[in-house]
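A closer look at the structure
The lines below spell out each chain.
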Amino acid sequence: MNKSIVKKSSNKERKSGKKSFCFALMIFLVMSAVHSPAVLSQVNNSNSVEDAQEKTTAVAADKTEKKKRVYRAQTMRQRMFEKLDKVRELTDAKEYSAAASNLESIGKIRRNSYETAMTWNMHAYMHFNQENYSAAAEAYEKIIVGKRIPESLLQTTLYSLAKLYLIQQDYKSALVNLNKWFDVVEKPGAQAYVLRAQVYYQLEQFKKALPDVKQAISMTLQQGKKPRENWLLIERAVYYQNKDYVSMERCLKDLIAFYPKSASASQYWIQLSAIYNELNQPDAELATLEAAYDQGLLLKEAQQVSLARAMLGNDIPYKSAQILLQGMKDKSIDENAKNLSLLGDALMLAKEYGQAIVVMAKAAKLSDSAKDYYKLAQIHTERQEWSQALSNINNVIEKNIPDSKTAVIEHEARILKGLILFNMKDLLLAKSEFEIASQFPEAQEMAKQWLQYIAGEQRRIAFFANAE
């Protein structure tokens, strides 16, 4: 079984993996990162319960509970709310110049700390919508360094800031802000743990990434829900980087169980078979590939050919041949010389000699290689079709190119030709072939036995000739 399915832990793979994570995060960020309207809605709530917010305090339940700041809450004036809401409307309409101009005007107005923070929040919203992520991050930093901002705004800002740095591939800054967010939130959600796991992964801190992604999955399962597919993919990637193939087997089984209809389902089955190869479980490896094939999940030529090779390697030549034949029939496997040669091997080992001859003749014609002619000569020899066998073994000797991929070991070709000639009763030529073969150390013993046998046969023939 080719292990290349699993063993690609090169820097190139790691970089491509990082790009895919960033792309996923880009989508997530666009959907949920910066929501100024949501923050503005907090203002309405603030105004409606202004009296109740005069004093905001937090009491720690014990020494381990996160500390909250105590301060007198400030509110936003209606006039300021309307100005910022106007900026939001202009931003949503993509009238960025007008939005920026309005923000500049607001900056000249005397504001309390909360109004200042909300102004910077709107700066971030506008820059984000223009995909100017560095400017958006700078605006968020202004909020954090401000004084007396509500806890909820601080939390939202830190989380959005972490994602902005992540999308800019500034993973260290993303981690700093995400850890600050964890410090001020009592009950982080599963998505937050996954986000931090992604950051750790990008920083190649794979052992730190694992607890977070496992926590997210565990939280989801406890709620009676299935974890998201991309969360399991992160877990799988971490196990792979940690070379924890036992855990990776379990993770791939989860992916298959939770997402059997996924577009990547075939890859999960193939990777699981590769894991069994790594764990030296050949029976499980083959059974996994076969199960995927029976479900119609192995659609690519390479996947089907890989299964056929595995079947052949495990002495199941007939099914190997059927997989190749079906693939060639439905055009998922190309009828090229290489695939036809493999099919010929399977048919020959399955003792389907009639089909094997037809297939190997096509393969030899396409490749014109000594290796394929040799296989054809073997099949004809098995069927005792000596003339056809001789014709093909002569092609082998004529076309053989030593040290090439299609080369045939010369002494084996000479031994086979000697055998064919002997059965054609041409003892002199057979003797000549065995004498050539005897010059190779690997074939000396066998060639010597044949030469002795031919000598005895010649004496027997001479005796009967003289007796007549």
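Nothing here was measured: the structure is a model prediction, and the numbers come from that model.

Once that is clear, we can look at the overall build of the protein. The number of helices and strands found in the protein is 23 helices and zero strands. Considering only contacts in the protein between residues 6 or more positions apart, those separated by 24 or more positions represent 56%. Approximately 25,100 Å² of the protein is accessible, and the part contributed by carbon and sulfur atoms is 51%.

The topology assignment puts E457 in helix α23 (residues 444-467). Only 2.4 Å separates the side chain of E457 from the side chain of R460, close enough to count as a polar contact. Those residues within four positions of E457 in sequence are excluded, and the remaining contacts are F422 and L427.

Bringing the packing of helix α9 (residues 190-202) against helix α11 (residues 229-241) into the picture now. In the contact formed by α9 and α11, the axes pass within 11 Å of each other and the chain directions differ by 35°. Judged by the twist between their axes, the crossing of α9 over α11 is left-handed. In this structure, α9 contributes A190, Q191, V194, Q198 and Y201 to the contact, and α11 contributes W231, I234, A237, V238 and Q241.

Further remarks concern unusual backbone geometry. Phi at Q384 takes a positive value of approximately 60°, unusual for a residue other than glycine. Tracing the sequence through the fold places Q384 in the loop between α19 (370-382) and α20 (386-399). With a phi angle near 65°, K425 is a residue other than glycine that sits in the positive phi range. Relative to the elements of secondary structure, K425 occurs in the loop between α21 (410-423) and α22 (427-437).

Under the counting rule described, the total for this entry stands at 15 salt bridges. Between D212 and R196 there is a salt bridge, with the nearest N and O atoms lying 2.7 Å from each other. One end of the pair, D212, is in helix α10 (residues 206-222); the other, R196, is in helix α9, and 16 residues separate them in sequence. Across this residue pair, the class does not change: D212 and R196 are buried.

Time to look at a positive patch on the surface. Taken together, the side chains of R309, K338, K371 and K405 present a region of like positive charge at the surface. Locating K405 in the fold gives a position in the loop between α20 and α21. By relative accessible area, which is 84% here, K405 ends up exposed.

Let us now look at the packing of aromatic side chains. For the structure on display, the rule yields nine aromatic pairs. Geometry around F182 places R196 over its ring, the cationic atom sitting 3.8 Å from the centre.

Per-residue confidence for the protein gives a mean pLDDT of 85; residues scoring 70 or more make up 84%. Low confidence marks residues 1-71, where pLDDT is under 50. Its contacts with residues over four positions away, or in another chain, come to 110 contacts.

The next thing to look at is α20. The terminal C-alpha atoms of α20 lie 20 Å apart, and with 14 residues this matches the ideal 20 Å at 1.5 Å per residue to within 8%. Listing the buried residues of α20 in full gives W386, A389, L390, N392, I393, N395 and V396. Tucked inside the fold, the buried residues of α20 contact α19 and α21.

The next point concerns the environment of Q267. Counting through the fold element by element, Q267 comes out in helix α13 (residues 265-278). Judged by its relative accessible area of 29%, Q267 falls in the partly exposed class. As for Q267 and L252, which are separated by 15 residues in sequence, their C-alpha atoms are 9.7 Å apart. Those residues in contact with Q267 that sit more than four places away from it in its chain are K300 and Q303.

Residue position: M311 is located in helix α15 (residues 301-313). Judged by relative accessible area, M311 falls into the buried class, the value being 0%. Counting along the chain gives ten residues from M311 to A321, while the straight-line C-alpha distance between them is 9.0 Å. Here M311 is in contact with L286, E290, I316, P317, K319, S320 and I323, once residues within four sequence places are set aside.

Attention shifts here to the packing of α19 against α20. Axis separation between α19 and α20 bottoms out at 8 Å; the angle between their running directions is 160°. Relative to α20, the element α19 is oriented roughly antiparallel. Here α19 runs over α20; the crossing is left-handed. Between α19 and α20, the contacting residues are A370, Y373, Y374, L376, A377, H380 and T381 on the first element and W386, Q388, A389, N392, I393, N395, V396 and K399 on the second. Classifying every residue of the contact of α19 with α20 gives nine nonpolar, five polar and one charged.

This part covers α13. Here α13 contains 14 residues, and its C-alpha end-to-end distance of 20 Å stays within 8% of the 20 Å for a straight helix at 1.5 Å per residue. Counting buried positions along α13 gives twelve out of 14 residues, so the element sits mostly inside the fold. Of all the positions in α13, only A265, S266, Y268, W269, I270, Q271, L272, S273, A274, I275, Y276 and N277 are classed as buried. Immediately downstream of α13, the backbone of N280 shows phi near 60°, a positive value.

What follows deals with the environment of V176. Examined against the element boundaries, V176 turns out to sit in helix α8 (residues 171-184). According to the relative accessible area criterion, V176 is partly exposed, its value standing at 45%. For the pair formed by V176 and A162, sequence separation is 14 residues and the distance between their alpha carbons is 7.7 Å.

The rules behind these values
Residues numbered from 1 in each chain as written. Predicted model: local features only at pLDDT ≥ 70, side-chain atom pairs only at ≥ 80, totals over all residues. Heavy atoms only, no water. Helix = DSSP H or I, 4+ residues; strand = E, 2+ residues; numbered from the N terminus. Contact = heavy atoms within 4.5 Å. Areas by Shrake-Rupley, 256 points an atom, 1.4 Å probe, with all protein chains shown as cover. Polar contact = N/O pair within 3.5 Å; in protein donor to acceptor, adjacent residues only side chain to side chain. Axes fitted to C-alpha atoms, helices over the stretch in contact; angles between N-to-C directions. Left-handed = near helix turned anticlockwise from the far one by under 90°. Salt bridge = Lys/Arg side-chain N within 4 Å of Asp/Glu carboxyl O. Buried < 20%, exposed > 50% of the residue type's maximum accessible area, 1.4 Å probe, protein only. Patch = residues over 30% accessible without salt bridge, like charges linked within 9 Å, V, L, I, M, F, W, Y side chains within 5 Å. Lys, Arg positive; Asp, Glu negative; His and termini not counted. Charge placed at Lys NZ, Arg CZ, Asp CG, Glu CD. Phe/Tyr/Trp six-rings, centres within 6.5 Å; stacked < 30°, edge-to-face > 60°. Lys NZ or Arg CZ within 6 Å of the ring centre and 35° of its normal. pLDDT = per-residue confidence, 0-100. Expected span 1.5 Å × (residues − 1). Parallel < 35°, antiparallel > 145°, perpendicular 65-115°, else oblique. Nonpolar A, V, L, I, M, F, W, Y, C, P; charged D, E, K, R; others polar.

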